[in-house]
Structure formats: structure tokens, C-alpha cells
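A look at the structure
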Amino acid sequence: MFIHLETTDSTNSHLRRMLNNGADLPDYTVVYATEQTAGRGQRGNSWESEPGKNAIFSLLYYPIAVPAATQFILSQVIALSIAGTLSKYTDGISIKWPNDIYWYDKKISGTLMECDLKGKNVCTCIIGCGININQTEFLSDAPNPVSLKMITGKTYDPLDIIKDVRDEFQNIYRSVSIQDIRLRYLTNLYRYDGLPYRFEDAYGVFSATIHSIEPTGHLRLQTTDGELRRYEFKELKFII
């Protein structure tokens, strides 16, 4: 099911209101908007999107037997879905931990996941996505935005890309093992190439290589002097 809104505050918020009001929505329902007035990103940031230019949508999914402790698998699936879709149009696409999508050193997509629990498992997941498609000027102070049109010089139909992402999500979740999802995610990870890069944590700037991703979503880095460090989201900054 695809639900189109001309204008909304946030597709995640709209989808949440529908569920709270008793709407019986099937798996893989997508709410997408021409204009989003209060789009939300990770860390409480806003998501800039020129009306009608980009893919702004939320995907509803009802996981089966996904423990709360390892719900990061859902983040990995949507990241692979967006990366796989965009890789049909350009090379240089990677996943920046935890679920941003990059074209080389520039951000083309961001995701905000909101999961509900029932007991120890995830029962409902609203996955909000913003993908820069046709926008060529960005007015916010975001440091490194890029769009598909800026990369290729071509104009695209955002709905076609939304449909492709949903199809990729369905295909990966239905046909790829959890072990292979985790492996694909790691091999498509931004800066996972064995080289040292600069990062910043609460103690300052340091150089390290990406070592691994835990099932919980924690990132493990190995510093240039051999120390292994473990990070939750928001504990680490990539120096780009």
C-alpha cells in the first residue's frame, strides 16, 4: 500500500498517528510526501528537502521474532535496500554507520527508525527515509549533502526510487539470511577498507580502522596502536 500526502509535518509522525487512531495497515505500507515541514533525522536534527524534489517516505514493518537487543538487523536491511537501489544509478555508494548512505564522502540519504516492543521482541517498526534525488541547492548547515541529480546530471521520479527501496527491503528480509545481511552490511560499510581514518570521541581525535559491527549495532574500531574500542551511536564522530 502506498499513501501519498501533499504536505505533512513528518511521514513518521503521520504513520504513527494512523496507527494510534486504529488504522489497520498491512506490512510494507509506505507513506510518502511531496513536502515535509518538520522532517526529523538522527540526533534530533531536521532533514532538509525542497518540496517535490526528493524521496521522503516512511515504511511500516511488523517484524517476527526480532529480539529488541538485536533490532539493529532492521537498520542493516533498510541501509542495504537504499544502498542497493542507489547503486543502480551510480558507483561510490556506501553505508556510513549506523544507517546513513554516502556517495564517496557526501551524504545522500538518512534514516530514522522508531520501533515498538512487545515483551522482548520488536512488534512494529516505522522506518523514515530521506533520499536526495533532484535537489541541487541545500540551504541548511549540513556539511556534505549531495543528490542523485548532482551526481549524474539526470532527473528522476522519486516514487520510482521509493518503490525500488521497498522492493529491495522485502527481497532482502525474505530471502537473505541474518548472517549474510550482516556480512553484506559490513562489506558495504563506509571506510571499511583496512585503512586508518580520523575519528573523534569524548577523549579527542584519534586514528583507527573499522574492525567489526556487533549484532547489537555497536561499532568496534582498532586504533593505530592496537587498542580495540567499542561505540554506541552518538558516542563517535567521523572526521570527514
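Notes on the structure follow. (Residues numbered from 1 in each chain as written. Predicted model: local features only at pLDDT ≥ 70, side-chain atom pairs only at ≥ 80, totals over all residues. Heavy atoms only, no water.)

**Topic: the overall build of the chain**
- Tallying secondary structure elements over the chain gives 5 helices and 13 strands in all.
- In terms of overall size, the chain behaves like a compact globule, its C-alpha atoms giving a radius of gyration of 18 Å where 240 residues would be expected to give roughly 18 Å.
- In the chain, which comprises 240 residues, the proportion classed as buried is 49%.
- Taking contacts inside the chain between residues at least 6 apart in sequence as the whole, the part at least 24 apart equals 63%.
- Of the roughly 11600 Å² of accessible surface on the chain, 48% is carried by carbon and sulfur atoms.
- Between the averaged position of the 25 positive side-chain charges in the chain and that of its 28 negative side-chain charges there is a distance of 3 Å. (Helix = DSSP H or I, 4+ residues; strand = E, 2+ residues; numbered from the N terminus. Rg over C-alpha atoms; globule rule 2.2 N^0.38 Å. Buried < 20%, exposed > 50% of the residue type's maximum accessible area, 1.4 Å probe, protein only. Contact = heavy atoms within 4.5 Å. Areas by Shrake-Rupley, 256 points an atom, 1.4 Å probe, with all protein chains shown as cover. Lys, Arg positive; Asp, Glu negative; His and termini not counted. Charge placed at Lys NZ, Arg CZ, Asp CG, Glu CD.)

**Some points on the packing of aromatic side chains**
- What the rule picks out here adds up to 14 aromatic pairs.
- Seen in terms of ring centroids, Phe169 and Tyr173 are 6.0 Å apart; in terms of plane orientation they differ by 15°. Their pairing is stacked. With Phe169 and Tyr173 both in helix α4 (residues 158–175) and 4 residues apart, this pair spans about one turn of that helix.
- Among the residues examined, Phe169 registers a relative accessible area of 0% and is labelled buried. (Phe/Tyr/Trp six-rings, centres within 6.5 Å; stacked < 30°, edge-to-face > 60°.)

**A few points about the side chain of Thr8**
- Along the polypeptide, Thr8 turns up in strand β1 (residues 2–8).
- What makes Thr8 buried here is its relative accessible area of 7%.
- One polar contact links Thr8 to Asp9, side chain to side chain, over a distance of 3.2 Å.
- The contacts of Thr8, once residues within four sequence positions are left out, are His14, Arg17, Ala33, Glu35, Gln36, Thr37 and Ala38. (Polar contact = N/O pair within 3.5 Å; in protein donor to acceptor, adjacent residues only side chain to side chain.)

**Digging into the state of the cysteines**
- Taken as a whole, this structure holds 0 disulfides when the rule is applied.
- Looking at the unpaired Cys123, the closest cysteine sulfur is the one in Cys115, lying at 9.0 Å.
- With no disulfide of its own, Cys129 lies closest to Cys125 among cysteine sulfurs, the gap being 9.8 Å.
- With relative accessibility at 4%, the residue Cys129 sits in the buried group. (Disulfide = S-S within 2.5 Å.)

**Let's talk about helix α1 (residues 11–20)**
- Taken together, the buried positions of α1 are Thr11, Asn12, Ser13, Leu15, Met18 and Leu19.
- Taken together, the buried residues of α1 touch β1, β2 (30–36), β3 (55–61), β7 (106–118) and β8 (121–131).
- Near the N-terminus of α1, the side chain that reaches the backbone nitrogen of Asn12, with its oxygen 3.2 Å away, is that of Ser10.
- Positive phi appears at Gly22, one or two residues downstream of α1, with a value of about 90°.

**Here's the deal with the environment of Ile93**
- With respect to the helices and strands, the residue Ile93 is situated in strand β5 (residues 93–96).
- Sequence-distant contacts of Ile93, that is, excluding residues within four places in its chain, are made with Ala83, Leu86, Ser87, Ile101, Tyr102 and Trp103.

**Focus: unusual backbone geometry**
- Omega for the peptide link from Trp97 to Pro98 comes to 5°, which places this bond in the cis form.
- Note that Pro98 resides in the loop between β5 and β6 (100–103).
- Not every positive phi belongs to a glycine, and Tyr28 is a case in point at roughly 70°.
- Within the element layout of this structure, Tyr28 appears in the loop between α1 and β2.

**What to know about the pattern of salt bridges**
- On inspection of all chains with the given rule, the structure shows 8 salt bridges.
- Where Arg16 meets Asp116, a salt bridge forms, and the shortest distance between an N and an O atom there is 2.6 Å. Within this pair, whereas Arg16 is found in helix α1, its partner Asp116 is found in strand β7, the two being separated by 100 residues in sequence.
- Exposure remark for Asp116: the relative accessible area of 28% places this residue in the partly exposed category.
- Lys107 is the partner of Asp100 in a salt bridge, and the nearest nitrogen-oxygen pair spans 3.5 Å.
- Exposure remark for Lys107: the relative accessible area of 22% places this residue in the partly exposed category. (Salt bridge = Lys/Arg side-chain N within 4 Å of Asp/Glu carboxyl O.)

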